[in-house]
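What follows is the residue order along each chain.
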Amino acid sequence: MRDFSYLRATSVDAARQAAALPGAMLLAGGTTLIDLAKCGVAEPDSLVDITHLKGLDTIEIDERGAVIGALARMSHVADHAGIKGGFPAVSEALWQAASAQLRNMATVGGNLMQRTRCPYFRDPSNFAACNKREPGSGCSAIGGVTRGHAVLGTSESCIATYPGDLVTALVAFDAVVHLGERRVLVDDFFLLPGTTPQKEHAIEPGEMITAIEIPGSAAARRSTYVKVRDRQSYEFAAASAAGGGGGGGGGG
Ligand SMILES: Cc1cc2nc3c(=O)[nH]c(=O)nc-3n(C[C@H](O)[C@H](O)[C@H](O)COP(=O)(O)OP(=O)(O)OC[C@H]3O[C@@H](n4cnc5c(N)ncnc54)[C@H](O)[C@@H]3O)c2cc1C
Ligand code: SF4
């Protein structure tokens, strides 16, 4: 892990400006970014700590739906009465993600931005070829061990999966990512690999996730989340699905 500078942002605008500089990265709970820095995948020159920004950890619920601040902790969202009542699939997806310690530390904004668990991607010292890490270098997974890789949404450049649980439930109920003033449907926020697997999200330098909005609906109120995995706890999904009854909604 190489040296980096640390800046504690005092406003969303300051955080966006600092994170737009080359080599800068936002730091929220740090539960995945620090891992990526340790294994040499993330090599930030500076970390912009956003965890002290005020007003980004709230959960607001009204008749239109829920607006969850990007800094809300996974455990807080999972256990929120309004989320459990209005969006059970969201609560269940979060409860089944990671471990209690991680959920207490990790934010929903960071959860959306987590990167693939493809073992070749996370092991640069042994596998130089990874188009997601080094565009144009090839793909060590294709022709390698691919248990845990994707069967849908692949390309000739990359067959990695996206590992998060929350997003499955968000896609099912047409959630929207707030990037400050800009709004992007969750479905459009995540990009297929195509020929540019290094570009995973529809987010530009100088933007950050400020909130996630989930429209309320009868389907969302009667929803559930199903996760299939190798063991029943502390494991990423082999496959997952979210769906609701009584007026549409479903996905996986
Ligand atoms: C052992 C282990 C098991 C796990 N199991 C699961 C699992 O089963 N299911 C699951 O869903 N997840 C799982 N995770 C992933 C975990 O949920 C993520 O590590 C966590 O959600 C990331 O949130 P964070 O706040 O810590 O993000 P950070 O580590 O701080 O940041 C992650 C990334 O997001 C960026 N970022 C952070 N906040 C913002 C923002 N507001 N706007 C734009 N970019 C931002 C950062 O720059 C960084 O690139 C697991 C993680 C570990 C370590
Ligand atoms: S599947 Fe994608 S992330 Fe994994 S080695 Fe290939 S290019 Fe890299």
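Details of the structure are given in the entry above.
Residues numbered from 1 in each chain as written. Chains lettered and ligands numbered in written order. Predicted model: local features only at pLDDT ≥ 70, side-chain atom pairs only at ≥ 80, totals over all residues. Heavy atoms only, no water.

A. Fine view of the pairing of strand S8 (residues 211–215). Summarising the sheet, strand S5 (residues 65–69) and S8 pair through five bridges and their orientation is antiparallel. Paired with Ala66 across the bridge in S8 is Ile214. In this sheet, S8 lies alongside strand S6 (residues 176–179) in antiparallel orientation, the contact comprising three bridges. Bridging from a neighbouring strand, Val176 pairs with Glu213 of S8. (Pairing = 2+ DSSP bridges. Helix = DSSP H or I, 4+ residues; strand = E, 2+ residues; numbered from the N terminus.)

B. Here's a closer look at the pattern of salt bridges. Applying the stated rule across the entire model yields eleven salt bridges. Residue Asp79 pairs with Lys84 through a salt bridge whose shortest N-O separation is 3.2 Å. Of the residues examined, Lys84 reaches a relative accessible area of 41% and is grouped as partly exposed. With a closest N to O distance of 2.9 Å, Asp165 and Lys227 form a salt bridge. Taken together, the positions of Asp165 in the loop between helix H7 (108–113) and helix H8 (166–172) and Lys227 in strand S9 (residues 223–228) put the pair 62 residues apart, joining distant regions of the chain. Judged by its relative accessible area of 3%, Asp165 falls in the buried class. Look at the salt bridges and you will find they share partners, linking Arg115, Lys132 and Glu200 into a network. (Salt bridge = Lys/Arg side-chain N within 4 Å of Asp/Glu carboxyl O. Buried < 20%, exposed > 50% of the residue type's maximum accessible area, 1.4 Å probe, protein only.)

C. Molecular detail of the environment of Ser46. Of note, Ser46 is situated in strand S3 (residues 46–49). Take Ser46: its relative accessible area is 18%, and that puts it in the buried class. In this structure Ser46 touches Phe4, Ser5, Gly23, Ala24 and Met25, once residues within four positions along its chain are discounted. (Contact = heavy atoms within 4.5 Å.)

D. Focus on helix H5 (residues 88–95). A large share of H5 lies buried, amounting to six of its eight residues. By the burial criterion, the buried members of H5 are Pro88, Ala89, Val90, Ser91, Ala93 and Leu94.

E. Local environment of the pairing of strand S2 (residues 24–27). Bridge count for S2 against S3 is four bridges, and the pairing is parallel. Residue pairing for S3: Met25 is matched across the bridge by Leu47. Handedness of the β-α-β unit built from S2, helix H2 (residues 33–38) and S3 comes out right-handed. (Right-handed = clockwise from strand over helix to strand, strands pointing away.)

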